[in-house]
Amino acid sequence: MDTVRLEQSLKHILSADTSHWVFDKALRKRYTDISKFEDTPLWYSRMGVIAEADSLLSYLRRELPQSGLDTTAFYLPDIAEDLGIVRTLAFDSVGQNINDLLPRLDYHLSKAYVRYAVGQRYGFVRPTRLMNKLFKKADSDEFARLFDEEVKEPSCEEALAQLASDGRLEYLTASAPKSSLYKTLQQELTTATGKEARRRLAVNMERCRWQMSRPDDHEKTVLVNIPAQQLWAVSTDSVLDMRICCGATTTKSPLLHSAISHIQVNPDWIIPQNIVKSDILRHAGDTAYFARHHYYIVERRSGDTLDVAHVTSDQLASGSLRVGQHGGPGNSLGRIVFRFNNQFSVYLHDTNNRAAFNRERRTLSHGCIRVEKPFDLARFLLPDLDEWDQDRLRISMDLPPETDRGKEYLEENAEEPRPFRLMTHHEVSPRVPVYIIYYTAYPNPATGIVQTWPDLYGYDKAIASAIECFLPK
């Protein structure tokens, strides 16, 4: 084979490749060493193109449409044309030189392989980098952290090592996501019609590719899906569903996973400083406003409660004071809150604005998740409560008791001030995983039927834009 012509052909291929995808760049580096390539091309030998090239083409032709991916983004038309020329020895009739065609075919086969294997194993976009650079915080140049999952970073070395190994096709076939959700969406794609529907499924399948850390399997799980504005509490034999209110578009609820550790009944609300600045600062010194909302002010260092009439807006803005709201009727958290560790100070909670659940669009909180059926969720998390403990919880939440003991308690204490505090705190043991997710196409856990919802936060649009080159046109 003409070494000079081979080198010129490879240089032309590499200079024409302007892709910015990191794994394409890594692949180009391998092909820049002409001496190494001449000795060990990956898909042909002196005997001709090897059978694995046909196997790769056949596999990708079948799998790419089922993965919501575009065949041209993986050079399948070019590969098929060049393979056809080689198999029929039609170089002269089509005006092709073997020294040009074979390096091009080898490079396109390798690029298709690496793109598919890496993309399927880890995703075609890095979600942490994309999602946490989408929106800036209000009145700030800082970006809001919206995606708080730990995602496994892909390995260039792994993919390139497998490309040159004897087991490369086995590695490729093992690259498809294994999750049941991916397979469900993949099946849905086979019957989907219309470009918009297919792109929605492709974007949600991309989410399934991200290798996110997950806790061990539990018998119970709480799922909060933002686009659905719905919560599902899932156990081995039942599903409890309810509406939610989630973060407004300016104060989006973060995507994360944690585990619910305890509940608090009639909790005080310690108001985050950003809400103090945006909603309360202008009312500094207004005793009527603070009384009407049951707000109080505490000095953080000493713990002393201050006279609100003497607290200035500058003092409130300084961060040295804490503004709280007394628990009970009218509290913004409602009568119960479900706590789990996270860096955003968000949680699931009741609300004193029950009418909000009747809205079609319920993006209105500062980031926390308001739940429609708080008592039912508490029962899901605390299945071992006996009848009296359940009534203690009901009475503490101002719900009608169901036991005679509970009814007698209310009669005997009718004149006592509210709220009753028969239960103020309860550990959730074992802890129950909670996931705040964002899927615009997702199987309803109660029915298994895939449902679709609007892209409330614009995340689908951002992901589709980032992987546009891989999506069917």
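Residues numbered from 1 in each chain as written. Predicted model: local features only at pLDDT ≥ 70, side-chain atom pairs only at ≥ 80, totals over all residues. Heavy atoms only, no water.

Engineer: Report on the overall build of the chain, specifying residues and quantitative values.
Structural biologist: Summing up its helical and strand segments, the chain has 18 helices and 17 strands in all. For the chain, the C-alpha radius of gyration of 30 Å lies well beyond 23 Å, the compact-globule estimate for 473 residues. The principal-axis extents of the C-alpha atoms in the chain amount to approximately 100 × 50 × 35 Å. Out of the 473 residues belonging to the chain, those deemed buried represent 50%. Long-range pairs, those at least 24 residues apart, make up 69% of the contacts in the chain between residues at least 6 apart in sequence. Summed over all atoms, the accessible surface of the chain reaches about 22,900 Å², with 48% contributed by carbon and sulfur. (Helix = DSSP H or I, 4+ residues; strand = E, 2+ residues; numbered from the N terminus. Rg over C-alpha atoms; globule rule 2.2 N^0.38 Å. Buried < 20%, exposed > 50% of the residue type's maximum accessible area, 1.4 Å probe, protein only. Contact = heavy atoms within 4.5 Å. Areas by Shrake-Rupley, 256 points an atom, 1.4 Å probe, with all protein chains shown as cover.)

Engineer: Lay out the pattern of salt bridges with the relevant residues and their values.
Structural biologist: Within this structure, the stated rule accounts for 22 salt bridges. Measuring nitrogen to oxygen at the nearest pair gives 2.8 Å for the salt bridge that ties Arg145 to Asp148. For Arg145, a relative accessible area of 37% translates into the label partly exposed. Accessibility expressed as a relative area gives 23% for Asp148, which makes it partly exposed. Glu206 is the salt-bridge partner of Arg209, the closest N and O atoms lying 2.9 Å from each other. Note that Arg209 and Glu206 are positioned in helix H11 (residues 195-209) at a spacing of 3 residues, about one turn of the helix. Residue classification places Glu206 among the buried residues on the basis of a relative accessible area of 0%. Three or more residues joined by partner-sharing salt bridges are found here, namely Asp17, Arg28 and Lys111. (Salt bridge = Lys/Arg side-chain N within 4 Å of Asp/Glu carboxyl O.)

Engineer: Account for the layout of surface pockets, naming residues and giving values.
Structural biologist: In this structure, the largest pocket spans a volume of roughly 1,200 Å³. As for the largest pocket, its lining consists of 40 residues, and the residues nearest its centre are Thr251, Asn274, Ile275, His366 and Gly367. A per-element tally of the lining of the largest pocket places helix H12 (residues 273-280) first, with 5 residues. When its residues are assigned to classes, the lining of the largest pocket shows 16 nonpolar, 16 polar and 8 charged. (1 Å grid on protein atoms, 1.4 Å probe; cavity = no way out; pocket = protein on both sides within 12 Å on 5 of 7 lines; lining within 4 Å. Points joined across faces, edges and corners; volume = space filled by probe spheres on them. Nonpolar A, V, L, I, M, F, W, Y, C, P; charged D, E, K, R; others polar.)

Engineer: Tell me about the nonpolar core, and please be specific about residues and values.
Structural biologist: Counting 118 residues, the largest nonpolar core has Phe74, Val222, Leu231, Phe338, Leu348, Leu377 and Leu381 as the members making the most contacts within it. Among the elements that make up this core, the one with the highest residue count is helix H6 (residues 98-122) (12 residues). When near neighbours in sequence (up to four residues on either side) are disregarded, Phe74 contacts Leu64, Leu69, Ile79, Ala112, Arg115, Tyr116, Phe124 and Phe470. Among the nonpolar cores identified, the runner-up in size contains 18 residues, and Leu189, Cys208, Leu223 and Tyr435 belong to it. (Core = buried A, V, L, I, M, F, W, Y, C linked by side-chain atoms within 4.5 Å.)

Engineer: How would you summarise empty space enclosed by the protein if you had to cite specific residues and measurements?
Structural biologist: Unoccupied space between atoms shows up once a probe the size of one water molecule is rolled over them. For the structure shown, the criterion picks out 1 cavity of 30 Å³ or more. Reported here for the largest cavity is a volume of approximately 110 Å³. Contributing to the lining of the largest cavity are 11 residues, with Phe147, Met212, Ile437, Tyr438 and Tyr439 lying nearest its centre. Of the residues contributing to the lining of the largest cavity, the split by class is 8 nonpolar, no polar and 3 charged.

Engineer: Give me the environment of Leu422: which residues, what numbers.
Structural biologist: Within the secondary structure, Leu422 sits in the loop between helix H17 (404-412) and strand S15 (425-437). If we skip the residues at most four places from it in the chain, Leu422 touches Trp388, Arg392, Ile395, Ser396 and Tyr409.

Engineer: Residues and numbers for the environment of Glu170, please.
Structural biologist: Tracing the backbone shows Glu170 in helix H9 (residues 168-173). On the accessibility criterion, Glu170 (52% relative accessible area) is exposed. C-alpha separation for the pair Glu170 and Val222, spaced 52 residues apart in sequence, amounts to 36 Å.

Engineer: Quick rundown of the packing of aromatic side chains? Include the residues and the values.
Structural biologist: Using the criterion set out here, one finds 20 aromatic pairs in the structure. Taking 5.7 Å as the distance between ring centres and 80° as the angle between the ring planes, the aromatic pair formed by Tyr289 and Phe290 counts as edge-to-face. You'll find Tyr289 and Phe290 in the same group, each marked buried. Consider the rings of Tyr439 and Tyr442, whose centres lie 5.4 Å apart with planes at 50°: the pair is tilted. Per residue, the accessibility class of Tyr439 equals that of Tyr442, and both read buried. (Phe/Tyr/Trp six-rings, centres within 6.5 Å; stacked < 30°, edge-to-face > 60°.)

Engineer: How would you sum up the packing of helix H2 (residues 22-31) against H6? Please name residues and give values.
Structural biologist: Relative to each other, H2 and H6 sit at 145°, their axes nearing to 10 Å. Viewed along their axes, H2 and H6 form a crossing whose handedness is right-handed. For the pair H2 and H6, contact is made by Phe23, Asp24, Leu27, Arg28 and Tyr31 and by Asp106, Tyr107, Ser110, Lys111, Val114, Arg115 and Val118, respectively. (Axes fitted to C-alpha atoms, helices over the stretch in contact; angles between N-to-C directions. Left-handed = near helix turned anticlockwise from the far one by under 90°.)

Engineer: Explain the side chain of Gln120 residue by residue, including any values.
Structural biologist: Within the fold, Gln120 resides in helix H6. A polar contact is formed between the side chain of Gln120 and the side chain of Ser67, at a distance of 3.4 Å. (Polar contact = N/O pair within 3.5 Å; in protein donor to acceptor, adjacent residues only side chain to side chain.)

Engineer: Kindly report on the pairing of strand S4 (residues 230-234), identifying the contributing residues and their values.
Structural biologist: With 4 of 5 residues buried, S4 is to be regarded as a mostly interior element. Across 5 bridges, strand S3 (residues 221-225) lies against S4 in antiparallel orientation. Residue pairing in the sheet places Leu223 in a bridge with Trp232 of S4. Linkage of S3 to S4, two consecutive antiparallel strands, is achieved through a turn of 4 residues, within which Gln229 is found at a positive phi near 50°. Pairing geometry for S4 and strand S5 (residues 239-247), over 5 bridges, is antiparallel. Along S5, the bridge assignment pairs Trp232 with Asp241. Where S4 hands over to S5, the hairpin turn is made up of 4 residues, counted between the paired strands. (Pairing = 2+ DSSP bridges.)

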